[in-house]
Amino acid sequence: ISFNFLDKGYYTFDNVNSGKRMDLQSQSLSSGTPLYQYSINNSLNTQKWLLTPSSTGEYTIRNYTDTTKYIEAAGSGLVQVAASYTGAVNQKFRVIQSPNGKVIIYPSAKDSIMEIPYASQNDAQIKLCFNTNNNCQIWQPTFYPFREGTYKMVNRASGKDLDNAGSTTNASAVGQWTNGGSTNLQWVLSFDNGYYKMKSVSSSLYLDSNGGTTDGSVVTQWSLGTSPNQQWLIKPNGSYFKIVNRANAKCVDSEGNTNNGTSMKFWYDNPSINQQWTFKLIQTITFNNLATQYVGDADVTIPASASSGLNITYASSNTAVATIVNNKIHAVATGTCTITASQAGNSSYDQAPSVSKTLTVSAYVQIQNRGTGMMIDGYGRTSNGSTCAQYGNSGHVNQQWAIESSGNYVKIRNRATGLYLDGRGISTNGSYVGQWSNANSTNLQWSQESYNGYIRFKNVATGLYLDGYGYTSYGANLNQYGNSGSTNQQWSLVTVSGASYVKATTTAVESVTGS
């Protein structure tokens, strides 16, 4: 009979012959480390194992300390830690249970069983051997349904969460409340010599029986102690669990009451759904700030993730500015909107608090010289230090630029190449303007000044202005020059995504109909 391992929790395996526990040699997680038996130590995470079932009845076995490390059968009868999961048959195991609950473990790749050679009682390496029916090949599994972490506990009968009621007083009652975002409903589960402790996130008090031994006594909370009043078993009960106190052997029970604030009680273990609970891990969403998006660019992956690893759902507050397409941001038009990330949870995880970020959508512009009508053109050049050119209006992406904020200044990035206009640190009148990849240099920073209804760009490093130099030849260099007031230094910003152009004023961008 294949052992029915529950994917949600973890197991320890104690050798029936020696009474010692399956572990890693010297608690090392290095690839190739062999399995060993050591004295039982509930504080060692290397003695805890996660078993994940497959549809074939096989299991992968991972170490609790680092869940990316799998065990595998190796040559010369070894069982060792692998660097990662490969899917190979030597990383798959079968577990056979006897009527008394003990098991033997063997790899799918070999006709041999995990054992302690020579029935050793000492710290010893676990190896593979043919079946001898000896106790040194038999293991006693102990199941711990939940990993350490922060949980909500939901009563089956009432649908309410276990609640510390916001109290910080020893011996105060623990009740129930409708699910919400309050930390009163969150409890940290930790291991304690084969049992669990449950600490309230909001009060830091621990779930405690307070010496109560009679049916109907109140479940309380108390500051940290060593009493069995604070030690709990979590017993599987179908698809639910019972919370059993070590000191009084009674179960936490809602008594069928569905009112918020009702105190939880202790009752003898019975089939009532009042004693059945689900445990849901708290999850959070990490959502980094959103960079400015530009109309016409490829849809952008959203920089968010859930601690559970579950998929996130996104929503835009203004679909006229941006929409969500295949979980990516699609920029529609200039403006701002809010992107909200949500994760609804599942049978193992509680709903995550939603997180919102502001998104700014801008448009690319062409930068047109007032004196000549020529457009600044990156000319498709991708090398740092390459010259920037001017060209007649072509509509090509080489002529499209993003004006990006950089503190009190701006940077000017070419859409086609990603390079920025660069003053090159040269302050000689008539020197050419280059292009360079993004850097913190002031060579890439420009003051954007309003001038007679147009814009001038002054380089922060050199103090020179972008200057068309009166050139009208296609491909001519873009230069820089000291302040002259010439129309060669005056520019219009022409939006790419519509039949209009815009001119900067001292306080805003003025839209002017045109083509």
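Fair warning: this is a prediction, and the values are worked out from it, not measured in the lab.

1. Topic: the environment of Ile412
Here comes step 1: Along the polypeptide, Ile412 turns up in strand β39 (residues 409–414).
Here comes step 2: Exposure remark for Ile412: the relative accessible area of 0% places this residue in the buried category.
Here comes step 3: Dropping the residues within four chain positions of it, Ile412 is found in contact with Ile367, Trp401, Ala402, Ile403, Leu419, Tyr420, Leu421, Trp446 and Phe457.

2. Looking at the pattern of salt bridges
Here comes step 1: In this structure the tally under the stated criterion is 13 salt bridges.
Here comes step 2: Where Arg94 meets Glu58, a salt bridge forms, and the shortest distance between an N and an O atom there is 4.0 Å. Here the residue Arg94 occupies a position in strand β8 (residues 93–97), and Glu58 occupies one in the loop between β4 (49–53) and β5 (59–63), the gap between them amounting to 36 residues.
Here comes step 3: Exposure remark for Arg94: the relative accessible area of 26% places this residue in the partly exposed category.

3. Observations regarding the pairing of β4
Here comes step 1: One ladder, built from 5 bridges, connects β4 with β5; its direction is antiparallel. The residue of β5 that forms the bridge with Leu50 is Arg62.
Here comes step 2: Hairpin connection from β4 to β5: 5 residues lie between these consecutive antiparallel strands, with Gly57 at a positive phi of about 90°.

4. Description of the nonpolar core
Here comes step 1: In terms of nonpolar packing, the biggest core is built from 26 residues, with Met153, Leu189, Met198 and Phe279 touching the most fellow members.
Here comes step 2: The residues touching Leu189, leaving out its near neighbours within four places in the chain, are Phe146, Glu148, Gly149, Tyr151, Met153, Tyr196, Lys197, Met198, Ile234 and Phe279.
Here comes step 3: Within the second largest apolar cluster, 24 residues are counted, among which are Trp49, Ile61, Ala73 and Val103.

Cut-off values and rules
- Residues numbered from 1 in each chain as written.
- Predicted model: local features only at pLDDT ≥ 70, side-chain atom pairs only at ≥ 80, totals over all residues.
- Heavy atoms only, no water.
- Helix = DSSP H or I, 4+ residues; strand = E, 2+ residues; numbered from the N terminus.
- Buried < 20%, exposed > 50% of the residue type's maximum accessible area, 1.4 Å probe, protein only.
- Contact = heavy atoms within 4.5 Å.
- Salt bridge = Lys/Arg side-chain N within 4 Å of Asp/Glu carboxyl O.
- Pairing = 2+ DSSP bridges.
- Core = buried A, V, L, I, M, F, W, Y, C linked by side-chain atoms within 4.5 Å.

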